[in-house]
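Below, each chain spelled out in residue letters.
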Amino acid sequence: MTGVMLTATEMYAVLNSRVRDAGGVAKLATKTGLNMRTLANAVNGHKGLGTSVPLALGYRPVTVTMYQPFFMPPAPTDDQS
């Protein structure tokens, strides 16, 4: 695992920028596969970030208030070359 650790405040900043870039909570929920209510609660600060929201954004919860970026392996393709 590489990357710097983010605090919960920094994680909220990442979340808010991703929502802005996606064009809204509904579009980000569709893009990441998260339940819209779960994502909306995280954006509004209700019930905290949980574990599914950081994971969907590419961050692994290390502790309750610290998050570390991770990189998912590329999806396998059906190339028969």
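All figures in this text were calculated on a predicted structure; none of them were measured in a lab. (Residues numbered from 1 in each chain as written. Predicted model: local features only at pLDDT ≥ 70, side-chain atom pairs only at ≥ 80, totals over all residues. Heavy atoms only, no water.)

Participant: Looking at this structure, I do not really get the sheet that holds strand β3 (residues 66-69). What am I missing?
Facilitator: Working definition: the strands of a sheet are paired by backbone hydrogen bonds and lie parallel or antiparallel to each other. Reading across from one edge, β1-β3-β2 is the order of the 3 strands in this open sheet, with antiparallel pairing throughout. Every other strand in the sheet has two partners, leaving β1 (6-7) and β2 (59-61) as the edge strands with one partner each. Pairing between β1 and β3: 2 bridges, direction antiparallel. If you follow leucine 6 over to β3, its bridge partner there is tyrosine 67. (Pairing = 2+ DSSP bridges. Helix = DSSP H or I, 4+ residues; strand = E, 2+ residues; numbered from the N terminus.)

Participant: Explanation requested: the environment of glutamate 10 in the structure shown.
Facilitator: Following the sequence through the fold, glutamate 10 ends up in helix α1 (residues 8-22). Placed 55 residues apart in sequence, glutamate 10 and threonine 65 show a C-alpha to C-alpha distance of 9.8 Å. A polar side-chain atom of glutamate 10 sits 2.8 Å from the main-chain amide nitrogen of threonine 7. (Polar contact = N/O pair within 3.5 Å; in protein donor to acceptor, adjacent residues only side chain to side chain.)

Participant: What is the right way to read the pairing of β3 from this model?
Facilitator: Every regular strand shows the same layout, with side chains that alternate between the two sheet faces. Bridge count for β2 against β3 is 3 bridges, and the pairing is antiparallel. Of the residues in β3, the one forming a bridge with arginine 60 is glutamine 68. Hairpin remark: β2 followed by β3, antiparallel, with 4 residues in the connecting loop.

Participant: Could you clarify how one ought to interpret the side chain of glutamine 68 in this entry?
Facilitator: Residue position: glutamine 68 is located in strand β3. Using a relative accessible area of 11% as the deciding quantity, one classes glutamine 68 as buried. Here the side chain of glutamine 68 touches arginine 60 through a polar contact of 2.5 Å, side chain to side chain. (Buried < 20%, exposed > 50% of the residue type's maximum accessible area, 1.4 Å probe, protein only.)

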